Amino acid sequence: MTDKLNRFWPLIASVAFAVLLAANAAQSAATLKQARPALSADAPSAEQVFADAPDGVDPMVTGPVSAAFKQRQDANNCDSAVWPNIPMVCYPD
């Protein structure tokens, strides 16, 4: 009886791991797709925040950023924004 039960432990462990992996993937996907709150009307513009840069500030980030930040930039078309009409969501927090 013990030999028959020992045969199924790798199968049970594999199924449990697959279930945990699928749950983690679903949670990660749901986190990335959450809607961001709309900017308030009194939010400062990039031109106001970077007033000491008369020629503008490029929102290109050269350091490491999260996947959520990259997704936020893509959703707000930051790569095609032109100064001074660059949304503040294009800049890292």
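Described in the following lines is the structure provided in the data block. (Residues numbered from 1 in each chain as written. Predicted model: local features only at pLDDT ≥ 70, side-chain atom pairs only at ≥ 80, totals over all residues. Heavy atoms only, no water.)

Quick word on the environment of K70
Checked against the element boundaries, K70 lands in helix α3 (residues 67–75). Counting along the chain gives 20 residues from K70 to C90, while the straight-line C-alpha distance between them is 9.0 Å. (Helix = DSSP H or I, 4+ residues; strand = E, 2+ residues; numbered from the N terminus.)

Quick look at unusual backbone geometry
Positive phi is not limited to glycine here, since N77 has a value of about 50 degrees. Mapping N77 onto the fold places it in the segment after α3.

Concerning the environment of C90
With respect to the secondary-structure elements, C90 resides in the segment after α3. You can call C90 buried: its relative accessible area is 0%. The sequence separation of C90 and C78 amounts to 12 residues, and the corresponding C-alpha distance is 5.6 Å. (Buried < 20%, exposed > 50% of the residue type's maximum accessible area, 1.4 Å probe, protein only.)

Structural notes on α3
Among the residues making up α3, those that are buried are F69, R72 and Q73. Down the axis of α3, the sector holding all buried residues measures 100 degrees, keeping them to one side. Turned more than 90 degrees away from the buried face of α3 sit A67, D74 and A75, all of them exposed. At the C-terminal side of α3, N77 shows a positive phi close to 50 degrees. (Arc of directions from axis to C-beta.)

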